[in-house]
Amino acid sequence: MTSFIGGEGKIFNAMNIASSLGSMDKKTVLIGLDLRQPKIFDDFNINNKTGVTDYVADDLELNQITQRTILPNLDIITAGPIPPNPSELILSNRMDQLFAELKEKYEFVIIDSPPIGLVTDSYDLMLNADCTLYVTRYNYSEKNFIHAISNKYDEGEVSNVGIIFNDFQIKTGYGYGYGYGYGYFAGDENFDNSSFGKIKCLASRNKSKFF
């Protein structure tokens, strides 16, 4: 899951897809690989003390960086402390080992990666992905943002790319349809009916189930 810049809704979509899969009988993990700006932990009431950087740089084991949620089939792996060399970590053999372990353990691995307009890390992460979902936001993203990923696809540098058109509202005879995604979750009270909104509600009532 990526986008061109921040605020287009990639984290919102990554969390909701992971939560939807985790609420079904699908063993799912959401992994934060925006090593420069970790964000996914607050909304799940978990911490970012240890994560991917500890696995790659400090040789922690997978079970030491994996955190559970109230959904029995959804685990979270945060990015961990911000490293001085994020690009080197992403390209390391240890990162390849992490992906190999995740594929063995989970049916779905959802990757929250950095925006491609800011750093090249996401292009490197795409090499490990079966599918890339590129989030663009209505009345926010610029047209050239789409051209950036389209050109990479045409040149054969990326494959299996899907576009999520976020926050688009359809006017119908019955009023306005649903518009999804205002990007980074802080203040997104409008989405309480989503899968993730329901999880946040449960978490606020029963925080002791997180560890």
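See the structure printed just above.
About the cut-offs
- Residues numbered from 1 in each chain as written.
- Predicted model: local features only at pLDDT ≥ 70, side-chain atom pairs only at ≥ 80, totals over all residues.
- Heavy atoms only, no water.
- Patch = residues over 30% accessible without salt bridge, like charges linked within 9 Å, V, L, I, M, F, W, Y side chains within 5 Å.
- Areas by Shrake-Rupley, 256 points an atom, 1.4 Å probe, with all protein chains shown as cover.
- Salt bridge = Lys/Arg side-chain N within 4 Å of Asp/Glu carboxyl O.
- Helix = DSSP H or I, 4+ residues; strand = E, 2+ residues; numbered from the N terminus.
- Pairing = 2+ DSSP bridges.
- Contact = heavy atoms within 4.5 Å.
- Axes fitted to C-alpha atoms, helices over the stretch in contact; angles between N-to-C directions.
- Expected span 1.5 Å × (residues − 1).
- Buried < 20%, exposed > 50% of the residue type's maximum accessible area, 1.4 Å probe, protein only.
- Phe/Tyr/Trp six-rings, centres within 6.5 Å; stacked < 30°, edge-to-face > 60°.
- Lys NZ or Arg CZ within 6 Å of the ring centre and 35° of its normal.

Undergrad: How do you make sense of a nonpolar patch on the surface when you look at a structure like this?
TA: On the surface, Tyr 138, Phe 165, Phe 168 and Ile 170 cluster together into a nonpolar patch covering about 390 Å² of accessible area. Here Ile 170 lies in the loop between strand E7 (161-166) and strand E8 (171-172).

Undergrad: When you look at the sheet that holds strand E4 (residues 74-77) in this model, what are you seeing that I'm missing?
TA: Neighbouring strands of a sheet are bound in pairs by backbone hydrogen bonds; such pairs are parallel or else antiparallel. Within the open sheet, the 4 strands sit side by side as E3-E4-E2-E5. Their pairing is mixed. Two strands lie at the open edges of the sheet, namely strand E3 (67-68) and strand E5 (108-112), each paired on one side alone. Here 5 bridges tie strand E2 (residues 28-32) to E5, and the two strands are oriented parallel to one another. Each residue of the ladder has a partner; that of Leu 30, found in E5, is Ile 110. In the packing of helix H1 (residues 10-22) onto the sheet, contacts are made with E2, E4 and E5, and the angle to E5 comes to roughly 165°. Against the sheet, helix H5 (residues 93-105) contacts E2, E4 and E5, and its axis sits at roughly 160° relative to E2.

Undergrad: Help me understand H1 in this model?
TA: Three- or four-residue spacings in an α-helix give side chains the same orientation, since the helix completes a turn every 3.6 residues. The terminal C-alpha atoms of H1, which comprises 13 residues, lie 18 Å apart, in line with the 18 Å expected from a rise of 1.5 Å per residue. Within H1, 11 of the 13 residues are buried, which leaves the element mostly enclosed by the surrounding structure. For H1, the complete set of buried residues consists of Lys 10, Ile 11, Phe 12, Asn 13, Ala 14, Met 15, Asn 16, Ala 18, Ser 19, Leu 21 and Gly 22.

Undergrad: Quick question: what am I supposed to make of the packing of aromatic side chains here?
TA: Both the distance between ring centres and the angle between the ring planes are used here to describe each pair of aromatic rings. Under the counting rule described, the total for this entry stands at 4 aromatic pairs. Centre to centre, the rings of Tyr 138 and Phe 165 are 6.0 Å apart; their planes meet at 80°, and the pair counts as edge-to-face. Placement of the pair is Tyr 138 in the loop between strand E6 (132-137) and helix H7 (143-154) and Phe 165 in strand E7, with a sequence separation of 27 residues. When its relative accessible area of 39% is taken as the criterion, Tyr 138 is described as partly exposed. Residue classification places Phe 165 among the partly exposed residues on the basis of a relative accessible area of 48%. Centre to centre, the rings of Phe 165 and Phe 168 are 5.3 Å apart; their planes meet at 20°, and the pair counts as stacked. For Phe 168, a relative accessible area of 34% puts it in the partly exposed group. Sitting over the ring of Tyr 55, Arg 94 keeps its end group 3.9 Å from the ring centre. Geometry around Tyr 140 places Arg 137 over its ring, the cationic atom sitting 4.8 Å from the centre.

Any link to function would need more than the numbers given here.
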